[in-house]
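# Observations on chain architecture
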Amino acid sequence: MKVGRLAGPGRLELVDLPRPTAGRGEVVVDLAACGVCGTDLEKLRGNYQTAGKIGHEPAGRIREVGDGVRGLSVGDRVAVHHHVPCYRCAVCARGDLTFCPTYSRTNIDPGGFAEAFRVPAENVERGAVLRLDDRVTWPAAALIEPAGCAVTALRKVGLPSGARVFVLGLGPVGLLYARAARALGAGWVGGTEISPLRRAAGERDGVDVTVDPRDDGAARAAVDRATEGMGVDLAVVATGHPAVIREATRLVRRGGTVNLFGLPDAGSRLDADLQDLYLRGVRLIPSYATTEADMAEVHRQVVEGRLRLDDLVSHRLPLARFDEAFRLAATPAEAVKVVVTGPAFDG
Ligand SMILES: [Zn+2]
Ligand SMILES: [Zn+2]
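On a predicted model such as this, the values are computed, not experimentally measured, just so you know.

It is worth spelling out the overall build of the protein chain at this point. A count of helical and extended segments in the protein chain gives 12 helices and 15 strands. By principal-axis analysis of the C-alpha atoms, the protein chain measures approximately 60 × 40 × 40 Å. Taken over 347 residues, the protein chain has a buried fraction of 50%. In the protein chain, once contacts between residues fewer than 6 apart in sequence are set aside, the share between residues at least 24 apart is 69%.

Structure representation (structure tokens):
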């Protein structure tokens, strides 16, 4: 079967590998769609400490079910989460599930850009194979994981009802964050984004006001107008740039929260006035990844029509053209979310 993978820094390759089979407790899924994530692009750039596998937003149809698996059948449409926490360690007991040491050790094989992939027994038994409602399309299914990251973040930082939120960077995850915040009760959402295509996607649904970050003072002015000069309750840094983190600390109100959501470059430094942060009580809270429970919450919201995902997919390319999918995903002027399709994709 065909598998798209990293061939080295800056290089992708499409190779032939044996199709995986399902051992005890495992399932094998035929790929329908897998999103290209910003972290996949960072891995390609050689910029992510945990390099290696790419493709972690897969959805597809179950091809094979191993002995001992209950509640899943061949032919089921599913979205799969690649990581699961152990639920037994002290980190899990405190609720920091995505920081569990087991979490990033678990993974699908060989990755999400493959005609078929094997889901380990740990993932299966902890509910990381999510059965999809018929109303959830494949493109939407591929967005459940990144939208889940937003739900996990919002749960972690806390979102008071009617909260005013500002998202710095309306790329795919920033847009999903804005929509998730809306679905969970935010009163006003603003955001910055250079790409007009992505700003338009925000304005279509989820974001009240978008501004170009190159427009000096525009973000501050938008926040001041929406908050009577007070600052937003929550600023979300959906890029990794340290200067943007600093800007976010200035847009929040006294006692407000800055959520570090985008992946910063390894070794990057934050240059901020710490006394100002101290005296204004600004909280900096990082949030990384998601869990199968928060993905199930996203699925529920999509089914109930409270969260719209499909329209954020601007491009669908078959696995044979996955290198082109990566190029497009790295071109904000041309693409919003790019999804790679596999043999189980049927519209
Ligand atoms: Zn991702
Ligand atoms: Zn744990």
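So much for the structure itself; the text now carries on.
As a packed pair, helix H5 (residues 144–157) and helix H6 (residues 172–183) sit with axes 8 Å apart at the nearest point and diverge in direction by 55°. Accordingly, the angle class assigned to the pair H5 and H6 is oblique. At the point where H5 passes H6, the crossing takes the right-handed sense. Residues Pro-146, Ala-147, Cys-149, Ala-150, Val-151 and Leu-154 of H5 pack against Pro-172, Val-173, Leu-176, Tyr-177, Ala-180 and Ala-181 of H6. Looking at the contact of H5 with H6 residue by residue, the class counts come to 12 nonpolar, no polar and no charged.

This brings us to the sheet that holds strand E10 (residues 209–211). Overall, parallel pairing links the 6 strands, which are arranged E10-E9-E8-E11-E12-E13 in an open sheet. Taken across any chain shown, the strands that pair with only one partner, and hence form the sheet edges, are E10 and strand E13 (283–286). The mean inter-strand angle of the sheet, taken between neighbouring strand axes irrespective of direction, is 20°. By the bridge criterion, 5 bridges tie strand E11 (residues 232–237) to strand E12 (residues 252–260) in an arrangement that is parallel. Its bridge partner being in E12, Val-232 is matched across the sheet by Val-252. Each of strand E8 (164–168), strand E9 (188–192), E10, E11 and E12 touches helix H8 (residues 218–227); the most contacted strand, E9, lies at about 175° to it. On the sheet, helix H9 (residues 242–251) packs against E8, E11 and E12 and is oriented at approximately 150° with respect to E12.

Once that is clear, we can look at unusual backbone geometry. What you tend to see is this: most non-glycine residues have negative phi, and most peptide bonds are trans. Of note, the amide linkage connecting Asp-109 to Pro-110 takes the cis form, showing an omega dihedral of 5°. Relative to the helices and strands, Pro-110 resides in the loop between helix H2 (90–93) and strand E6 (116–119). Positive phi values are uncommon outside glycine, yet Tyr-87 reaches one of about 65°. Mapped onto the fold, Tyr-87 is located in the loop between strand E5 (77–80) and H2. Although it is not a glycine, Glu-228 sits at a positive phi angle of roughly 50°.

Attention shifts here to the pairing of E5. Covered by surrounding structure in E5 are Arg-77 and Ala-79 together with Val-78 and Val-80, the residues of both alternating faces. Note: E5 against strand E7 (residues 129–131), 3 bridges, orientation antiparallel. Within E7, the residue paired with Val-80 across the bridge is Val-129.

When you line up the elements, Leu-17 lands in the loop between strand E2 (11–16) and strand E3 (27–35). Judged by C-beta crowding, with 14 C-beta atoms within 10 Å, Leu-17 ranks as partly exposed. Residues Leu-17 and Arg-182, spaced 165 residues apart in sequence, show a C-alpha to C-alpha distance of 43 Å.

The subject of this paragraph is the domain arrangement of the protein chain. For the protein chain, the assigned domains are domain 1 (2–143 + 309–341) and domain 2 (151–286). Centre-to-centre separation of domain 1 and domain 2, based on C-alpha positions: 27 Å. At the junction of the two partners, domain 1 supplies 14 residues and domain 2 supplies 15 residues.

This paragraph deals with the packing of H5 against helix H11 (residues 292–303). The geometry of H5 relative to H11 is characterised by a closest axis approach of 8 Å and an angle of 110° between their N-to-C directions. By the angle between their axes, H5 is roughly perpendicular relative to H11. Contacts from Ile-144, Glu-145, Ala-147, Gly-148, Val-151, Thr-152 and Arg-155 of H5 reach H11 at Asp-294, Met-295, Glu-297, Val-298 and His-299. Looking at the contact of H5 with H11 residue by residue, the classes come out as 5 nonpolar, 3 polar and 4 charged.

What counts as what
- Residues numbered from 1 in each chain as written.
- Chains lettered and ligands numbered in written order.
- Predicted model: local features only at pLDDT ≥ 70, side-chain atom pairs only at ≥ 80, totals over all residues.
- Helix = DSSP H or I, 4+ residues; strand = E, 2+ residues; numbered from the N terminus.
- Buried ≥ 20, exposed ≤ 12 C-beta atoms within 10 Å, placed from the backbone.
- Contact = placed C-beta atoms within 7 Å.
- Axes fitted to C-alpha atoms, helices over the stretch in contact; angles between N-to-C directions.
- Parallel < 35°, antiparallel > 145°, perpendicular 65-115°, else oblique.
- Left-handed = near helix turned anticlockwise from the far one by under 90°.
- Nonpolar A, V, L, I, M, F, W, Y, C, P; charged D, E, K, R; others polar.
- Pairing = 2+ DSSP bridges.
- Domains from an automatic or database assignment.

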